[in-house]
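Examination of the molecular architecture
Okay, here's what each chain looks like letter by letter:
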Amino acid sequence: MTDPDEVPHDVRASLDQLLAEARAAAERGDADTARALLDTAETVATNKLPPGERRDRVRWGCAAARDALPNGDLAAAYAAAAADVVGEPNP
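Residues numbered from 1 in each chain as written. Predicted model: local features only at pLDDT ≥ 70, side-chain atom pairs only at ≥ 80, totals over all residues. Heavy atoms only, no water.

The next subject is the overall build of the chain. Helices and strands together make up the secondary structure of the chain, namely 4 helices and 0 strands. On C-alpha atoms alone, the chain measures out to a radius of gyration of 12 Å, which is about the 12 Å that the 2.2 N^0.38 rule sets for 91 residues. Seen along its three principal axes, the alpha-carbon backbone of the chain occupies a region of about 45 × 20 × 20 Å. Considering only contacts within the chain whose residues lie at least 6 apart along the sequence, 65% involve residues at least 24 apart. Accessible area for the chain stands at about 5,000 Å²; split by element, carbon and sulfur atoms hold 51% of it. Between the centroid of the 10 positive side chains of the chain and the centroid of its 17 negative side chains there is a distance of 3 Å. (Helix = DSSP H or I, 4+ residues; strand = E, 2+ residues; numbered from the N terminus. Rg over C-alpha atoms; globule rule 2.2 N^0.38 Å. Contact = heavy atoms within 4.5 Å. Areas by Shrake-Rupley, 256 points an atom, 1.4 Å probe, with all protein chains shown as cover. Lys, Arg positive; Asp, Glu negative; His and termini not counted. Charge placed at Lys NZ, Arg CZ, Asp CG, Glu CD.)

Let us now look at the packing of helix α1 (residues 9-27) against helix α4 (residues 72-87). As a packed pair, α1 and α4 sit with axes 8 Å apart at the nearest point and diverge in direction by 165°. As judged from the angle between their axes, α1 and α4 are roughly antiparallel. Crossing geometry of α1 relative to α4 is assigned as left-handed. Here Arg 12, Leu 15, Asp 16, Leu 19, Arg 23, Ala 26 and Glu 27 of α1 lie close against α4, whose contacting residues are Gly 72, Ala 75, Ala 76, Ala 79, Ala 80, Ala 82, Ala 83, Val 86 and Gly 87. (Axes fitted to C-alpha atoms, helices over the stretch in contact; angles between N-to-C directions. Parallel < 35°, antiparallel > 145°, perpendicular 65-115°, else oblique. Left-handed = near helix turned anticlockwise from the far one by under 90°.)

Now for unusual backbone geometry. In this structure, the amide linkage connecting Leu 69 to the following residue, Pro 70, adopts the cis form with an omega of 15°. Tracing the sequence through the fold places Pro 70 in the loop between α3 (53-68) and α4.

This part covers α3. Spanning 16 residues, α3 covers 22 Å between terminal C-alpha atoms, matching the ideal 22 Å at 1.5 Å per step. Among the residues of α3, those classed as buried are Arg 54, Arg 55, Val 58, Gly 61, Cys 62, Ala 64, Ala 65, Arg 66 and Ala 68. Along its buried surface, α3 packs onto α1, α2 (31-48) and α4. (Expected span 1.5 Å × (residues − 1). Buried < 20%, exposed > 50% of the residue type's maximum accessible area, 1.4 Å probe, protein only.)

Before going further, it helps to spend a moment on α4. An ideal rise of 1.5 Å per residue puts 22 Å on 16 residues; α4 measures up with 23 Å between its terminal C-alpha atoms. The set of residues buried in α4 consists of Gly 72, Ala 75, Ala 76, Ala 79, Ala 82, Ala 83, Val 85 and Val 86. Two or three places before Asp 73, at the opening of α4, Asn 71 has a side-chain oxygen 3.3 Å from that residue's backbone nitrogen. (Polar contact = N/O pair within 3.5 Å; in protein donor to acceptor, adjacent residues only side chain to side chain.)

Below, the structure written as structure tokens:
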């Protein structure tokens, strides 16, 4: 039996990739690409994560990273924090 709050492998992989690419784009100063990737990650979190604290925290991290742009270092830190939430044990 699986935990209903467990993040499915494909969703985890998608969010990990999107947030890593958003972090890298923010670090290199490509705010437009970072913003687009964060928007997509937020949509994936909204549509694919079960309602609850994890989904809320990932969505908040995406929004915070987007709001931090064009400060690439701060945006990258928020994107990294959001990625960490995806991989956390159940909150």
